There are 2 protein chains.
Amino acid sequence: MLMKEETKLLKNKIGREVPEHIEGLGELKAYNGPFDFQPEKRKFGRKISQVLPGESKLLNSIEDAVVKSGLKDGMTISFHHHFREGDFILNMVLDVIAKLGIKNLTLAPSSLNGVHEPVIEHIKNGVVAKIITSGVRGPLAEAISNGILDTPIIIRSHGGRARAIEAGDSQIDVAFLGVPCCDEYGNANGYSGESFCGSLGYAKVDAELADKVVLITDNIVEYPNVPASIVQTDVDYVIKVEAIGDPKGIVSGATRYTKNPRELLIAKYAAAAIEASGYFVPGFSMQCGTGGASLAVARFIREKMIEKDIKASFALGGITGQFVEMLEEGLISKLFDTQSFDLTAAKSIGENPNHYEISASFYANPHNKGCAVNKLDIVMLSALEVDTDFNVNVITGSDGVIRGASGGHCDTAAGAKLAMIVCPLIRGRIPTIVDKVNTVITPGETIDVVVTDRGIAVNPLRQDLIERFKKAKLPVFTIEELKEKAESVTGKAKPIEYGDKIVGIVEYRDGTIIDVIRQVK
Amino acid sequence: MLMKEETKLLKNKIGREVPEHIEGLGELKAYNGPFDFQPEKRKFGRKISQVLPGESKLLNSIEDAVVKSGLKDGMTISFHHHFREGDFILNMVLDVIAKLGIKNLTLAPSSLNGVHEPVIEHIKNGVVAKIITSGVRGPLAEAISNGILDTPIIIRSHGGRARAIEAGDSQIDVAFLGVPCCDEYGNANGYSGESFCGSLGYAKVDAELADKVVLITDNIVEYPNVPASIVQTDVDYVIKVEAIGDPKGIVSGATRYTKNPRELLIAKYAAAAIEASGYFVPGFSMQCGTGGASLAVARFIREKMIEKDIKASFALGGITGQFVEMLEEGLISKLFDTQSFDLTAAKSIGENPNHYEISASFYANPHNKGCAVNKLDIVMLSALEVDTDFNVNVITGSDGVIRGASGGHCDTAAGAKLAMIVCPLIRGRIPTIVDKVNTVITPGETIDVVVTDRGIAVNPLRQDLIERFKKAKLPVFTIEELKEKAESVTGKAKPIEYGDKIVGIVEYRDGTIIDVIRQVK
């Protein structure tokens, strides 16, 4: 929507100007601290519907499923992103919906990728009117940043999405869920079949709460296909199609270790900081990203664990083959897997009972009775930018265009005892540490440490860590000093020129608004 | 309550007089056929509550948990019956509640046993005002049948209980769930520890839907205790006590085969009927009871499966060691276990991934998107009485006193293609086949076959089975002929003398009223 005079903006707790109301989205609450908002609702309940003995759930086509589901103009449909760049489902379903003439839908997938470029056409033809997602990449992201939608998209974290669905903030009318393996009654898993993806953690939330649940598979197996990640009692229809995805785009092969000396230096500092933090003790828990530096940290940590005979209680989040190896070596007791990042992880989850599949709600929903991030000691997170208030941007690039995802960033930062950003001080000619990040995904008050190749900054809220790191002779600087180091090389970054139109609303995990994304000029 | 002139009674579809309204219970709907009632509600949602990082769920005592849970006069509390006659939890918690002076509660356990005799005192002292349960046995059952409660108890099947909780018909304020193994954050299973019981299938429903969930254990293990049957995101508090049950009462040892010639004869006929039914084909599914005859049928069926090289897709329900052996032999692909009946089953569920734990909702809730009983081919069920309309009583004895449980009886009968009652024609000097059963738990229109030691009766609705059985030269009689055979030995049973007071309401699985239980004189 165009910013009209009357759209009132409020400064939220971290000084970002956010609207109180957006046409098409309704009233909005401003962010006011990571645990300020108190939920008061009851959990949302989907429409009860029964399937009688003898009734078949198998349908012949996606078209049949769309018709039978009762999908109508203005409703909300959802998808999961476990197939990443290999996903065929979302485009297939939208094409069918377009053909049926259904319009004005809200598209609420757990995330969007480059492969979803055809959504642009479905926005233009009126099928898709709104988007709620963790992130967007590629041409679709550019189109959104250029203002293709009348209503801003909503960016939600993985935990925030689960929260919103459970609270009824996002009511999903029909979930179309691709599954690599399923029986004709809807018992499905993600680790069998040609199109295997491992965990179905994001999809589990939709399966439990959408009014109608449609499974789409290319691999029907004998009933009963249990243990199952999605169960028959949650599924209305099952459809077999030729292919649900391109295996090459779904899982990547084994992860290779970085040889980039800058990444290795960041990793060395990060590992030393973890060792000195006081959290590296028997029974500790951790989450790592999949970037080169994060994976290298995990490798260094592994060596220190062996050296000091320290074992971890669990590793969390997107799981890589590296963690699977540590599970198998006995260095980690359990893996909590909401998304399997590579071939090794995607296979292990079906074979090792200690590799435990969790839903996005179990992973990170702040409004259940205790999600897994609450029990996290150490999380290593990436950043496109960090500012001197320790706010982190992982969604918009240096040109202001959307190019990432909120993911579990703000969720894990809020939960973990030690939330550590690992990033280069400079990328290309662009500083990572800045005065103000373009877009805040994660508030600085939940970030403890920023580790770069040129030194470590500790949030002043964590005087305890500053002392520990200094004692360990780590290269500790203030965040302002790191920023100046960066600027001394790159000069001050030119501010991005934005238009007035708000093209995205960034929700914090509790549903309050932490920032907005504006149209790029 | 006393039956007043104004309590209007209606005849339901099977001719039983049931009230339209009961003080303290509200409006009631009369049973009108097994799939007549159409659910229209949304699924119930419990109060959303959050547990913050760093918050502990561990409390020192049940008293602390009762206080912290916010339990107040008039609320509803629930328990599971997986500890059977070994349960310590229900009595412990009620004692604490009584001490705290909380009154007028609705007690809504999944079932009640002889060990729960002390509830009588808590009815007398005003702590317990209403009871909703699958069944009651022993002195408490006698007291209820004698009119100790002002409001009738509600008898629900296992599927009906899950349905009622999911529909919000029974809102559980606080669930107190005993668990044999659990971490301090609420991840629990039923198969580890001294007090192991196997499946926690009934408890899973309460854990998902009660506003507050309290786990009580005698065995706290390291976090994270996953895979888990009850998960941290559903649990508010965890308490460690000395003992949650008496292992001797929780699981029985290995099941012994009957040598009773009458039971063996019933089993022989039943196995022959199954073989002739047309349902004994590769991929068939079955559920058995735990009575001597049922277990003997399973043994005969096993032999026929080996002989004919027929394998079952799954076995369902209360699982015994016999089915575990057949799983291990490869004769059955999967076990769906909502309650583990013996030592072998209770251990196997933690070890064999094909021995799959299911909730009572997955098992038998008619109002989800397809419960397991819908996929059942053959179920063998017991009966205290069967009448000439094939209605079955499993709740009241020949003296009219409550002495059993609804269990999964009407659920499986409604779901299975072949619902077979196995019972002796006469018990002691009492006929099993009668004109009118004392109390209807399962409507005759869902029962296909009655197998006795003196012959087999087939529901006239199933002419196909009558033909098949006659072709197989089975001893087929009409149900009236079986009744006459019984009466020719015993004479007509003297009708039970009841008072006017209704002491129990029998709900069919869909929530409609199929019968009432009256006070015994």
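Each value, and the rule that gives it
- Counting starts from 1 at the beginning of each chain's written sequence and moves along it residue by residue.
- Labels follow written order: the first chain is A, the first ligand is 1, and so on.
- pLDDT decides what is reported in this predicted model: residues at 70 or higher carry local features, side-chain atom pairs at 80 or more are listed and counted, and totals for whole chains, interfaces and linings draw on all residues regardless.
- Working from all heavy atoms in the structure, the side-chain values ignore hydrogens and water.
- For the purposes of this analysis, a disulfide is any pair of cysteine sulfur atoms at a distance within 2.5 Å.
- Classification of residues uses two cut-offs on accessible area relative to the type maximum, computed with a 1.4 Å probe and protein chains only: under 20% is buried, over 50% is exposed, and between them is partly exposed.
- Labels follow the DSSP assignment, with helices taken as runs of H or I lasting at least four residues and strands as runs of E lasting at least two, numbered in each case from the N terminus.
- Contacts described as polar in this section are N or O atom pairs within 3.5 Å, which, within protein, must combine one atom able to donate a hydrogen with one able to accept it, while residues neighboring in sequence count only if both atoms come from side chains.
- Two residues qualify as a contact provided that any one of their heavy atoms is within 4.5 Å of a heavy atom in the partner residue.
- Two strands form a pair only when DSSP identifies at least two bridges running between them.
- Here, axes are lines fitted to C-alpha atoms. For helices the fit covers the stretch in contact, and angles between N-to-C directions go from 0 to 180 degrees.
- Superposing copies: least-squares fit, C-alpha atoms only, residues required to have pLDDT of at least 70 in both.
- A 1.4 Å probe defines the accessible area here, and the buried area is the portion of it lost by two parts on being joined, summed over both.
- Three classes are used: nonpolar for Ala, Val, Leu, Ile, Met, Phe, Trp, Tyr, Cys and Pro, charged for Asp, Glu, Lys and Arg, and polar for all others, with Gly counted as polar.
- Pairing of aromatic rings covers Phe, Tyr and Trp, the last through its six-membered ring, and needs centres within 6.5 Å; plane angles under 30 degrees mean stacked, over 60 mean edge-to-face, and all others mean tilted.
- The cut-offs work like this: below 35 degrees is roughly parallel, past 145 is roughly antiparallel, 65 to 115 is roughly perpendicular, and the gaps in between are oblique.

## A few points about the state of the cysteines
Residue and element names in this part refer to chain B. Summed over the entire model, instances satisfying the criterion amount to zero disulfides over all chains. Lacking any disulfide linkage, Cys-371 is separated from the closest cysteine sulfur, that of Cys-410, by 11 Å. On the basis of relative accessible area, Cys-410 is assigned to the buried category, the value being 0%.

## Here we look at the side chain of Ser-340 of chain A
Residues and elements named next belong to chain A. Relative to the helices and strands, Ser-340 resides in strand 17 (residues 332-340). Here Asp-337 takes part through its side chain, which lies 2.9 Å from a polar atom of the side chain of Ser-340. With sequence-adjacent residues up to four places away left out, Ser-340 is seen in contact with Arg-84, Cys-197, Gly-198, Ser-199, Ile-319, Ala-345, Ala-346 and Ile-349.

## Brief notes about the sheet that holds strand 27 (residues 455-458) of chain A
Residues and elements named next belong to chain A. Reading across from one edge, 18-17-16-15-19-22-26-27-28 is the order of the nine strands in this open sheet, with mixed pairing throughout. Taken across any chain shown, the strands that pair with only one partner, and hence form the sheet edges, are strand 18 (355-357) and strand 28 (476-477). Sheet analysis places strand 19 (residues 378-381) next to strand 22 (residues 418-422), joined by four bridges and oriented parallel. Within the sheet, the bridge partner assigned to Ile-378 lies in strand 22 and is Leu-418. Along the sheet face, helix 10 (residues 321-328) touches strand 15 (285-287), strand 16 (312-319), strand 17 and strand 18 and points at about 155 degrees away from the line of strand 17.

## Observations regarding the relation of the copies chain A and chain B
Relative to chain B, chain A is turned by 180 degrees and slid 0.0 Å along the rotation axis, the superposed coordinates differing by an RMSD of 0.0 Å. Considering both components of the superposition, the chain copies are consistent with a two-fold axis. Among all residues of chain A, the one whose C-alpha sits closest to the rotation axis is Gly-45 of chain A, at a distance of 2.7 Å. Mapped onto chain B, 100% of the interface residues of chain A again fall at the interface, so both copies present the same surface.

## Thoughts on the interface of chain A and chain B
Contact residues are listed per partner, giving 58 residues for chain A and 58 residues for chain B. Summing the contributions of chain A and of chain B, the shared interface buries around 4,900 Å²; its carbon and sulfur component is 57%. Contact with chain B buries surface across chain A, with Arg-42, Ile-48 and Lys-369 of chain A losing the most and accounting together for 20% of the total. Across the contact surface, chain A and chain B share 37 residue pairs in polar contact (both at pLDDT 80 or more). Of all the secondary structure elements, the ones that give two or more residues to the side of chain A that touches chain B are helix 5 (158-167), strand 16, strand 17, helix 12 (360-364) and helix 13 (409-415) of chain A. Of the residues contributing to the side of chain A that touches chain B, the split by class is 26 nonpolar, 17 polar and 15 charged.

## Structural notes on unusual backbone geometry
Residue Pro-224 of chain A is bonded to the preceding Tyr-223 of chain A through a cis peptide linkage, with omega at -5 degrees. In this fold, Pro-224 of chain A is placed in the loop between strand 13 (212-217) and strand 14 (237-240). Residue Pro-227 of chain B follows Val-226 of chain B across a cis peptide bond; omega there is -5 degrees. Tracing the sequence through the fold places Pro-227 of chain B in the loop between strand 13 (212-217) and strand 14 (237-240). Even without a glycine there, the phi angle at Phe-390 of chain B is positive, about 70 degrees.

## A short note on the packing of aromatic side chains
Applying the stated criterion across every chain yields a total of 20 aromatic pairs over all chains. The interplanar angle of 70 degrees and the centroid separation of 5.6 Å between the aromatic rings of Phe-314 of chain A and Tyr-223 of chain B together place this pair among those described as edge-to-face. With Phe-314 of chain A in strand 16 and Tyr-223 of chain B in the loop between strand 13 and strand 14, this residue pair bridges two chains. Take Phe-314 of chain A: its relative accessible area is 1%, and that puts it in the buried class. A relative accessible area of 11% places Tyr-223 of chain B in the buried class. Between the aromatic rings of Phe-280 of chain B and Phe-284 of chain B, the centroid separation amounts to 5.3 Å while the plane-to-plane angle is 65 degrees, which identifies the pairing as edge-to-face. With relative accessibility at 6%, the residue Phe-280 of chain B sits in the buried group.

## Observations concerning the packing of helix 5 (residues 158-167) of chain B against helix 6 (residues 201-209) of chain B
Residues and elements named next belong to chain B. Two elements in contact, helix 5 and helix 6, have axes whose closest approach is 10 Å; the angle formed by their N-to-C orientations is 5 degrees. With respect to their mutual orientation, helix 5 and helix 6 come out roughly parallel. Residue-level inspection shows His-158, Arg-161, Ala-162, Ile-165 and Glu-166 of helix 5 in contact with helix 6, the latter providing Tyr-202, Val-205, Asp-206 and Leu-209. Taken together, the residues of the contact of helix 5 with helix 6 sort by class into five nonpolar, one polar and three charged.

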